[in-house]
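Single-letter residue listing:
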Amino acid sequence: KNIIIIYTQDEATSAPSINITSPIHNIPQSMIPVFTRILAKGSKPVSKRTFAAASDNLVKTALNNLHKEMGGDIVPFAGYELPVLYKGENGGVMKEHLWCREEGKCSLFDVSHMGQIKWHGKDREVFLEKIVVGDIQILQPGEGRLSLVTNSKGGIIDDTVITNAGDYVYMVVNGATKFGDMKHFKEQMGKFDGDVTMEYLEDTMQLLALQGPGAAAAVSKILPSGFDLTKMAFMTGVDTTIDGIEGCRITRCGYTGEDGFEIAMPAEHTVSIASKLLEDPSVNPTGLGARDSLRLEAGLCLYGHDLNEDINPIEGALGWTLGPPKSRRRTEGGFLGSEHILTPEGKFKKTTKKRVGLMGMKAPAREHAEIYDITGEKLIGTVTSGTFSPCLKKPIAMGYVETGQHKNGNEVMIKIRNKMQKAEVTKMPFVESRYYKVLE
């Protein structure tokens, strides 16, 4: 059964609440009122000790001890022990969030729960285009892009970043879905008549994310001399040494709307690399709570909430991942479920719902909150993510509404705590993205 843990907003600090949809143990005492309920009809609230067994078989990242030394409140997430926030002068969801957006500063996240995969074989790009919607064959060495893994009905199994690494293709998938993803990949490989192999890097390779306006300056201190970050475009990556350590990789990408990098490294060197980054006073350790509010401000989806196997790329406002009109992937299709998404001419098929941004509510609208038309009588959709925006200092949310109700400026009503509140469909991102662009 699914268990939702709701951290309510701290009135003293206005820190946003966090929803985590996996069993949790060791509820941090520093986070006041915690309420739990099992999502089953007629179920009664359960006490904290119900979660005692949740620690069984959880994987510890290479930074587990360091997180605890720095005051990290550790919770289970995607089968791993990870910090939801840190205690201390610059800790807490609100402070960690704002630090990541501040000029000259950046945030360090442990994202080692993510799945790192290398694809080998001369037909690797051809195979990948059977399982994802994007144009992989067009990628030049070092180039990457966001793509979507689809099922036979066109629903989204996962979102992924794929990079042409030269003699292999580097893929990063979500931690909560990686084993299901790989089972799916193996099934499709069994149907593929070509040369392709999948290498899962397991936990021998760890992954850190450094995000924020100061990320480039901070990471440059541990890159080889002569590594020119000014010429490294967003969504590009390269194998390199990090702090003199071989076997590492750096990709300019992220999940916050800011400039930033994901750094892969051998597990045995993760503590030394993270410690070296944290010596820089501009770098602040940051947990899952701020990661979630940052990505929502950036209008980015969280798989399992804003995307799932019953939502296709067009409904999810991610049709751009297929390419522009008349592009090869739009006209050829060929990926799993493409016939449910594209017409024979390569146009998007009509859908009954669309993902939208929502603002104007007086209180945060949480996941599953019902969206009605402006009369408050007709149910037209559901909220999938919502929080209090630390930067805008107002509630924001995203969700799905009926096609026709999805246009920016359309007024709707959202049921929040059994009361109707007026809101407005708005464009995303809520906070302007600042992805790095190479100067011409």
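Residues numbered from 1 in each chain as written. Predicted model: local features only at pLDDT ≥ 70, side-chain atom pairs only at ≥ 80, totals over all residues. Heavy atoms only, no water.

Chemist: Explain the overall build of the protein to me, and be specific about the residues and the numbers.
Modeler: Helix and strand counts for the protein come out as 8 helices and 23 strands. Taken across its 440 residues, the protein has 56% of its residues classed as buried. Taking contacts inside the protein between residues at least 6 apart in sequence as the whole, the part at least 24 apart equals 65%. (Helix = DSSP H or I, 4+ residues; strand = E, 2+ residues; numbered from the N terminus. Buried < 20%, exposed > 50% of the residue type's maximum accessible area, 1.4 Å probe, protein only. Contact = heavy atoms within 4.5 Å.)

Chemist: Describe the sheet that holds strand β21 (residues 394-402), naming the residues involved and giving the relevant values.
Modeler: Taking strand neighbours around the barrel as the criterion, the 6 strands line up as β18-β21-β20-β19-β22-β23 in a closed arrangement whose pairing is antiparallel. When strand polarity is set aside, the average angle formed by the axes of neighbouring strands in this sheet is 40°. Here strand β19 (residues 370-373) runs beside strand β20 (residues 379-389); their pairing, made up of 3 bridges, is antiparallel. Within β20, the position partnered with tyrosine 372 by the bridge is leucine 379. Where helix α7 (residues 288-297) meets the sheet, it contacts β20 and β21, and its direction lies at approximately 120° from that of β20. (Pairing = 2+ DSSP bridges. Axes fitted to C-alpha atoms, helices over the stretch in contact; angles between N-to-C directions.)

Chemist: Report on the pattern of salt bridges, specifying residues and quantitative values.
Modeler: Should the charged atoms of two oppositely charged side chains come close, the side chains can pair. For the structure on display, the rule yields 21 salt bridges. Between arginine 295 and aspartate 292 there is a salt bridge, with its nearest N and O atoms 3.0 Å apart. A residue pair is termed a helical-turn pair when its members lie 3 or 4 positions apart in one helix, as arginine 295 and aspartate 292 do in helix α7 at 3 residues. Residue classification places arginine 295 among the buried positions, given a relative accessible area of 1%. Salt-bridge contacts for lysine 378 lead to glutamate 402; the nearest nitrogen and oxygen are separated by 3.2 Å. (Salt bridge = Lys/Arg side-chain N within 4 Å of Asp/Glu carboxyl O.)

Chemist: Tell me what's going on with the packing of helix α2 (residues 93-101) against α7, and back it up with residues and numbers.
Modeler: Remark: α2 packs on α7, axes separated minimally by 8 Å, with the N-to-C direction vectors making an angle of 50°. Taken together, the axes of α2 and α7 lie oblique to each other. When the axes of α2 and α7 are compared, the crossing they make is right-handed. Of α7, the residues touching α2 (which contributes Val93, Glu96, His97, Cys100 and Arg101) are Gly289, Ala290, Ser293, Leu294 and Glu297. (Parallel < 35°, antiparallel > 145°, perpendicular 65-115°, else oblique. Left-handed = near helix turned anticlockwise from the far one by under 90°.)

Chemist: A description of the pairing of strand β10 (residues 156-164) should follow, citing residues and the corresponding values.
Modeler: Judged by how many residues are buried, β10 sits mostly within the fold: 8 of 9 residues are covered. Here 7 bridges tie strand β9 (residues 144-150) to β10, and the two strands are oriented antiparallel to one another. Residue pairing across strands places serine 147 opposite threonine 160, the latter belonging to β10. Hairpin connection from β9 to β10: 5 residues lie between these consecutive antiparallel strands, with glycine 154 at a positive phi of about 90°.

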